[in-house]
Amino acid sequence: MKRTFALAQIAAMCLCVAIAVGCGEEETPIAATPSATAPEATPGSPQPASPRPAGTPATAGPTDISSRGDEVETLANTVAQKVTWEDGATYEAPIPDLVFRTAGMPNAGRGHRVEAIWLEDGKWQVIISMRVTDHWVDPVISVDLRAEFYYDEEKAEFTAANGRALFALTGRDSCTSDQPEPDYCPLDKEVGP
């Protein structure tokens, strides 16, 4: 009886050890195991595409238009424009900074978003949406600005599409003149593509 009990204990211990060893090891997936016929990858050589699981839809990479749109948005966000304001001061800054300057709240904080919309033949509509919040006054003032531009890829230039954009690019408020320009006033009027 003692012998049977001892054998049962040894068998139980072996089973526990086997389970512990098996749980500690990670299983190598079959797809990750190199085959004898697959060439070995070297740094700089293209890696083979991993197969999609069944039922997963294929996704297309970015199109030429979306890549170009990203470039236009980056340009609108970063390329400096030189503008002389009506008061004679000259500023050289990216377009969002010039749009912010049109709000006339130098101590205010701001956030902005740039969006490029494809029109046709290398032409884009670029919209800069900005929220300006002045915490230095009581009550706090928040203003939403919408500057719209056209961008011509061939000429590599931005032109104003609404009054806020014209103000940013020229330093002139089209609504404060004796005869406001109907195409550019009010300043933040939306322009359709």
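Residues numbered from 1 in each chain as written. Predicted model: local features only at pLDDT ≥ 70, side-chain atom pairs only at ≥ 80, totals over all residues. Heavy atoms only, no water.

Enquirer: I keep staring at the nonpolar core and nothing clicks. Help me out?
Expert: If you look at soluble globular proteins, the nonpolar side chains tend to sit buried side by side. With 30 residues, the main nonpolar core has Val99, Val126, Ile128, Met130, Val132, Phe149 and Phe158 as its most contacted residues. Among the secondary structure elements, those contributing two or more residues to this core are α2 (64-78), α3 (95-101), β3 (109-120), β4 (123-134), β5 (141-152), β6 (157-160) and α4 (163-170). Sequence-distant contacts of Phe149, that is, excluding residues within four places in its chain, are made with Ile95, Val99, Trp124, Gln125, Val126, Ile128, Phe158, Thr159, Ala160, Ala161, Ala165 and Leu169. (Core = buried A, V, L, I, M, F, W, Y, C linked by side-chain atoms within 4.5 Å. Buried < 20%, exposed > 50% of the residue type's maximum accessible area, 1.4 Å probe, protein only. Helix = DSSP H or I, 4+ residues; strand = E, 2+ residues; numbered from the N terminus. Contact = heavy atoms within 4.5 Å.)

Enquirer: Please clarify how the pairing of β5 should be interpreted in this entry.
Expert: Two faces belong to every sheet, and in a regular strand the side chains alternate between them. Taken together, the 12 bridges between β4 and β5 define a ladder with antiparallel strand orientation. Across the sheet, Ile127 pairs through a bridge with Glu148, a residue of β5. Between β4 and β5, which follow one another and run antiparallel, lie 6 residues. Of the strand pairs in this sheet, β5 and β6 are connected by 4 bridges, and their pairing is antiparallel. (Pairing = 2+ DSSP bridges.)

Enquirer: Would you explain the sheet that holds β5 in this entry?
Expert: Strand pairing in a sheet takes place through backbone hydrogen bonds and is either antiparallel or parallel in direction. Pairing is antiparallel in the open sheet, where 4 strands are placed in the order β3-β4-β5-β6. Lying at the two open borders of the sheet, with one neighbouring strand each, are β3 and β6. Across the sheet, the mean angle separating the axes of adjacent strands is 30 degrees when strand polarity is ignored. Strands in contact with α2 are β3, β4, β5 and β6; relative to β3, the strand with the most contacts, it is inclined by about 140 degrees. (Axes fitted to C-alpha atoms, helices over the stretch in contact; angles between N-to-C directions.)

Enquirer: Explain the state of the cysteines to me, please; I cannot follow it from the model alone.
Expert: Cysteine pairs can be linked by a disulfide, which is a covalent bond between their two sulfur atoms. For the structure shown, the criterion picks out 1 disulfide. Cys175 shares a disulfide with Cys185; S-S distance 1.9 Å. Looking down the S-S bond of the Cys175 and Cys185 bridge, the torsion is 130 degrees, so its handedness is right-handed. In this pair, Cys175 is assigned in the segment after α4 and Cys185 in the segment after α4, connecting sequence segments 10 residues apart. For Cys185, a relative accessible area of 22% puts it in the partly exposed group. (Disulfide = S-S within 2.5 Å.)

Enquirer: Can you help me understand the environment of Val72 in this one?
Expert: Relative to the helices and strands, Val72 resides in helix α2. Val72 sits 86 residues away from Phe158 along the chain, and the two C-alpha atoms are 10.0 Å apart. In contact with Val72, not counting residues within four places along its chain, are Ala116, Trp124, Val126, Tyr151 and Phe158.

Enquirer: I'm lost on the packing of aromatic side chains in this one. Help?
Expert: Two numbers describe a pair of aromatic rings. These are the distance of the centres and the angle of the planes. Tallying each qualifying case throughout the model produces 5 aromatic pairs. Cluster of aromatic residues (ring-pair linked, three or more members): Trp85, Tyr91 and Phe167. Arg101 extends its terminal NZ or CZ atom over the ring of Tyr91, reaching a point 3.6 Å from the ring centre. (Phe/Tyr/Trp six-rings, centres within 6.5 Å; stacked < 30°, edge-to-face > 60°. Lys NZ or Arg CZ within 6 Å of the ring centre and 35° of its normal.)

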